[in-house]
Amino acid sequence: MKKVKKENATEKDIKLLYETVRIAHEAFENGNHPFGALLADNNGNILIERGNNKNDSPCLHAETSVMIEAGRRYSPKFLESCSLYTNFEPCVMCTGAAYWTNVSKIVFGLTEKQLLELTGSNEENPTFSMPTEEVLEHGQRQMVVVGPIEDEKLKQAIIKDHLDFWK
């Protein structure tokens, strides 16, 4: 049985992805890697949001930071109805954090491969070449993945700070 269900982005998904762009921009303005993530409930209400923070551990990516806080605040049953939104496809670690926290849907703007095209071999961002879907196929729960997004305006908004940060 296939464990990952691919879905297309809804208007709500696009709106929340723009929020991750805002969060990532705030991180960028504070000298951090421009990544942003948020947890939303089934109605699209933002419950938790985080950007990358250079003062945190290198393994506290925005997505993992959101998931750690989500696990502290909410029950696994509640989190099953929530979604993780992030401007870029979550890495293996962040995908695992969403899986273990019991979130059932991951929505991302651009792929890890597209991120690598922006960062090159920058030692500050050693990307994994393993798509979220592939990671989740090895799990035991069914999950939904939305992304990458085809909306050109959103794509440009996502990469804007990355073009300035990684040069």
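In what follows, the structure referred to is the one given above.
For the structure given in this document, a descriptive report is provided here.

Rules and cut-offs
- Residues numbered from 1 in each chain as written.
- Predicted model: local features only at pLDDT ≥ 70, side-chain atom pairs only at ≥ 80, totals over all residues.
- Heavy atoms only, no water.
- Helix = DSSP H or I, 4+ residues; strand = E, 2+ residues; numbered from the N terminus.
- Rg over C-alpha atoms; globule rule 2.2 N^0.38 Å.
- Buried < 20%, exposed > 50% of the residue type's maximum accessible area, 1.4 Å probe, protein only.
- Pairing = 2+ DSSP bridges.
- Core = buried A, V, L, I, M, F, W, Y, C linked by side-chain atoms within 4.5 Å.
- Contact = heavy atoms within 4.5 Å.
- Polar contact = N/O pair within 3.5 Å; in protein donor to acceptor, adjacent residues only side chain to side chain.
- Disulfide = S-S within 2.5 Å.

## Some thoughts on the overall build of the chain
Next up, step 1: Helices and strands together make up the secondary structure of the chain, namely seven helices and six strands.
Next up, step 2: Shown N-terminal to C-terminal, the secondary structure of the chain runs as helices and strands in the order β-α-β-β-α-α-β-α-β-α-α-β-α.
Next up, step 3: Since a compact globule built from 167 residues should have a radius of gyration of about 15 Å, the 14 Å found for the chain is in line with a globular shape.
Next up, step 4: With respect to the three principal axes, the spread of C-alpha positions in the chain is 40 × 30 × 30 Å.
Next up, step 5: Across the 167 residues that make up the chain, the buried fraction comes to 48%.

## Let's talk about the pairing of strand β2 (residues 36–40)
Next up, step 1: The buried fraction of β2 is high, at five of five residues.
Next up, step 2: Burial along β2 is two-sided: G36, L38 and A40 facing one way and A37 and L39 facing the other are all buried.
Next up, step 3: Where β2 and strand β3 (residues 46–51) come together, five bridges link them in antiparallel fashion. From the neighbouring strand, G36 faces β3, where its bridge partner is G51.
Next up, step 4: Here β2 folds back onto β3 in antiparallel fashion, the turn holding five residues, of which G44 has a positive phi close to 90 degrees.
Next up, step 5: Looking at chain direction, β2 and strand β4 (residues 83–88) are connected through four bridges and run antiparallel. Following the sheet pairing, L39 is matched in β4 by L84.

## Some thoughts on the nonpolar core
Next up, step 1: Membership of the largest hydrophobic core comes to 20 residues, with the highest contact counts inside it found for L39, V66, M67, L84 and L136.
Next up, step 2: The element contributing the most residues to this core is helix α2 (residues 62–73), with four residues.
Next up, step 3: Setting aside its immediate chain neighbours within four residues, M67 contacts L39, L84, A97, A98, T101 and V103.
Next up, step 4: Core analysis: the second largest hydrophobic core is formed by 18 residues, L17, F35, L38 and F88 among them.

## Digging into the side chain of E89
Next up, step 1: Within the secondary structure layout, E89 lies in the loop between β4 and α4 (92–101).
Next up, step 2: A distance of 2.8 Å separates a polar atom in the side chain of E89 from the backbone nitrogen of T132.
Next up, step 3: When near neighbours in sequence (up to four residues on either side) are disregarded, E89 contacts F108, L110, T111, E112, P131 and T132.

## Some words on the state of the cysteines
Next up, step 1: All told, the structure shown has zero disulfides when counted by the stated rule.
Next up, step 2: No disulfide involves C94; its nearest neighbouring cysteine sulfur is the one of C91, lying 3.7 Å away.
Next up, step 3: Residue classification places C94 among the buried positions, given a relative accessible area of 0%.

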